[in-house]
Number of protein chains: 2
Amino acid sequence: MPHPPVSVSKRPSIAEYLAEAIFSGRYQPGDFVPKEVDLATQFSINRSAVRSDLRQLVDAGIIERISGHGSKVRAFESWNILDPQVTEWMTRYAAPNPDIQREILAFRLDVEPYVAMTAARRATARDLVAIEEAFDGMAREMQSQLGNKRLHSDYDIAFHVAIFKATRNIVWSQLSHILRPAISLLIESSNESATDPEASLERHRQLMEAIRARAPEDAFRAAQAVLAGTADALGIRPGDAILGSAWAPLPAQ
Amino acid sequence: MPHPPVSVSKRPSIAEYLAEAIFSGRYQPGDFVPKEVDLATQFSINRSAVRSDLRQLVDAGIIERISGHGSKVRAFESWNILDPQVTEWMTRYAAPNPDIQREILAFRLDVEPYVAMTAARRATARDLVAIEEAFDGMAREMQSQLGNKRLHSDYDIAFHVAIFKATRNIVWSQLSHILRPAISLLIESSNESATDPEASLERHRQLMEAIRARAPEDAFRAAQAVLAGTADALGIRPGDAILGSAWAPLPAQ
DNA sequence: TGCTAGCGAATGTTCAACATTTTCACAATC
DNA sequence: GATTGTGAAAATGTTGAACATTCGCTAGCA
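Residues numbered from 1 in each chain as written. Chains lettered and ligands numbered in written order. Predicted model: local features only at pLDDT ≥ 70, side-chain atom pairs only at ≥ 80, totals over all residues. Heavy atoms only, no water.

Moving on: the protein's contact with DNA strand D. Near DNA strand D lie 19 residues; those nearest to it are Lys35(A), Arg47(A), Arg51(A), Arg65(A) and Asn46(B). A share of 66% is what sugar and phosphate atoms reach among the atoms of DNA strand D within 4 Å of the protein. A distance of 2.9 Å separates a phosphate oxygen of DNA strand D from a polar side-chain atom of Lys35(A). Glu36(A) has a polar backbone atom sitting 3.1 Å from a phosphate oxygen of DNA strand D. Counting only elements with at least two residues in the surface near DNA strand D, the list comes to helix H3 (47-59) and strand E2 (63-66) of chain A together with helix H3 (47-59) of chain B. At 3 residues, H3(B) tops the list of elements feeding residues into the surface near DNA strand D. For the surface near DNA strand D, the residue count by class is 3 nonpolar, 9 polar and 7 charged. (Near = heavy atom within 4 Å. Polar contact = N/O pair within 3.5 Å; in protein donor to acceptor, adjacent residues only side chain to side chain. Helix = DSSP H or I, 4+ residues; strand = E, 2+ residues; numbered from the N terminus. Nonpolar A, V, L, I, M, F, W, Y, C, P; charged D, E, K, R; others polar.)

As structure tokens, this is what we get:
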């Protein structure tokens, strides 16, 4: 059997190039990216192709095209950070802006306990399978001595995404994208698993078991516990979270 | 002074046309939309312009382009319903799918009390101004006998969006888009304000006052009260909400 | 039945020209 | 001197035509 075409080498993606350049800070909000013709000549592709790619960045809210002037990087607040494409770029090219990362993490601290609670109420058998597979992946990747950080974080993400999906609500499910950059950031910057991997894994296990047992309040607290390490690893006190403190009245915290 | 150019008449937006056609159900998931050349000739614009517009639908997750075959409408689950552009289309062209509308409303019932609570903790003076202006608009539009339904719902949306923004968190702020279709749908289908406008307005007022007074728990309950009418107007029991029941242990419900 | 080659239709890419918008410099005017 | 008008320059927006590539389908063959 011949190799699958190994020399396909699709045309370079200007969107990808510019996304990397913008998210890594080489172009800041207010800056103008190179003009169409320059990009076209630099990458040896046609101007139409460049325009097609720029359209993608416009749809993501990242750049703004000013007729007759150029393409300007928009302010962070305008970026569609809920767009899966944008979160993927954030995940891939890391911290575009520490403030945004902090806000995303704060959001995550707010909602994930509630998501876990809901998942405990509604998860189907298939959802549990997905959660368990992700968990097993985390465990496996941690045990093997040459534990791949990258792979571990992938399973970590899959674990949390599976819980979001287990809410059986399309909005929550799609929101799960938002946590990918948050988790990746954590892994990059000396993650909490590094400090005490077994304890972290155990907290994840308890969360999974609470969902499987259909114990919403246990799931809520287990998720809080999972996130606690996450929070102070990035210097965010759980108290900064929006909803956390409201749960003080819960029994047996 | 001459009129500002009244005859500009920008080129027809194929994206807009197709969005209307898809969201109103004329093209269902799995269907193929007309091919590029047909659209180009039908609207008397160039094929490049058509392709640019199709790109927008692709970025929104609504269609999928199959090289050499056509552009297929994707399944609802794939639509980026968190994309502001998509929610705007949903708002404008109404119920693409009752199921999605229900899920969005369920989500709203889940999160809005918490958002209100947070807003009560963090709202700045400017946030309060925005909330109040929206509220005044609602009140004004209700009092005037020729109360414009459309305008009232616009102020209603602005009111709730302002509360989301008052969380001072970028993720929550951007999420506020999701409630626009939910509110609009409500208005279209014999809204609750129609049944008892004054009571509804009063509930909104109490929510606003709780936020102004920095009373998070009051804000939480006030938001629940505002949403209660909304929920049963569309036949969704508050119990269906993810987080609602969890608040039973709150004091003085 | 199952595999392969090839055809046709549609999308993807390229090229070149022209239209429109915006800014800026400079001159004309009050 | 300040304002206003004019035109050139530079960038994005649009057009049209041609060619490349991809994918589904079908006819033909073993």
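Bringing the sheet that holds strand E1 (residues 32-33) of chain A into the picture now. Residues and elements named next belong to chain A. Sheet architecture is open: 3 strands sit in the order E1-E3-E2, paired in antiparallel fashion. One side of each edge strand has no neighbouring strand; the edge strands of this open sheet are E1 and E2. As defined by bridge partners, E2 adjoins strand E3 (residues 70-73) across 4 bridges and the pair is classed as antiparallel. The residue of E3 that forms the bridge with Arg65 is Ser71. (Pairing = 2+ DSSP bridges.)

Taken together, the contacts link 40 residues of chain A with 39 residues of chain B. Both faces combined, the contact of chain A with chain B buries some 3,500 Å², and carbon together with sulfur accounts for 60% of it. Connecting chain A to chain B are 0 salt bridges. Looking at the side of chain A that touches chain B, the elements that each hand over two or more residues are H3, helix H5 (98-122) and helix H8 (170-175) of chain A. Tallying contributions element by element places H5(A) first for the side of chain A that touches chain B, with 11 residues. Among the residues making up the side of chain A that touches chain B, the classes are represented as 21 nonpolar, 8 polar and 11 charged. (Contact = heavy atoms within 4.5 Å. Buried area = accessible area lost by both parts, 1.4 Å probe. Salt bridge = Lys/Arg side-chain N within 4 Å of Asp/Glu carboxyl O.)

Our focus in this paragraph is unusual backbone geometry. Phi is positive for Arg214(A), which is not a glycine, with a value near 55°. Summarising the element assignment, Arg214(A) is placed in the loop between helix H11 (197-212) and helix H12 (216-233). Residue Arg214(A) is classed as partly exposed on the basis of its relative accessible area, which comes to 46%. The backbone phi angle of Arg168(B) is positive, close to 60°, even though this residue is not glycine. (Buried < 20%, exposed > 50% of the residue type's maximum accessible area, 1.4 Å probe, protein only.)

So, on to the packing of aromatic side chains. Residue and element names in this part refer to chain B. All chains considered together, the criterion is met by 16 aromatic pairs over all chains. When the centroid spacing of 5.0 Å and the interplanar angle of 70° are considered together, the rings of Phe76 and Trp79 count as edge-to-face. Taken as a pair, Phe76 and Trp79 share a single burial class, namely buried. Note on Tyr114 and Phe220: the rings are 4.8 Å apart at their centroids and 80° apart in plane angle, and the pair reads as edge-to-face. Pair noted here: Tyr114 is in helix H5 (residues 98-122) and Phe220 is in helix H12 (residues 216-233), with a separation of 106 residues, a long-range link. (Phe/Tyr/Trp six-rings, centres within 6.5 Å; stacked < 30°, edge-to-face > 60°.)

This part covers the side chain of Thr87(A). Within the fold, Thr87(A) resides in helix H4 (residues 84-93). When sequence neighbours within four positions are dropped, the list of residues in contact with Thr87(A) reads Ile81(A), His177(A), Ile178(A), Arg180(A) and Pro181(A).

Turning our attention to the sheet that holds strand E2 (residues 63-66) of chain B. Strand pairing within a sheet occurs via backbone hydrogen bonds; the two strands may be parallel or antiparallel. All names here are of chain B. Taken in spatial order, the 3 strands line up as E1-E3-E2 in an open sheet, and their pairing is antiparallel. Each having just a single partner strand, strand E1 (32-33) and E2 make up the two edges of the open sheet. In this structure, E1 lies alongside strand E3 (residues 70-73), joined through 2 bridges in antiparallel fashion. What sits directly across from Val33, in E3, is Ser71. Docked against the sheet, H3 engages E2 and E3, running at close to 125° with respect to E2. (Axes fitted to C-alpha atoms, helices over the stretch in contact; angles between N-to-C directions.)

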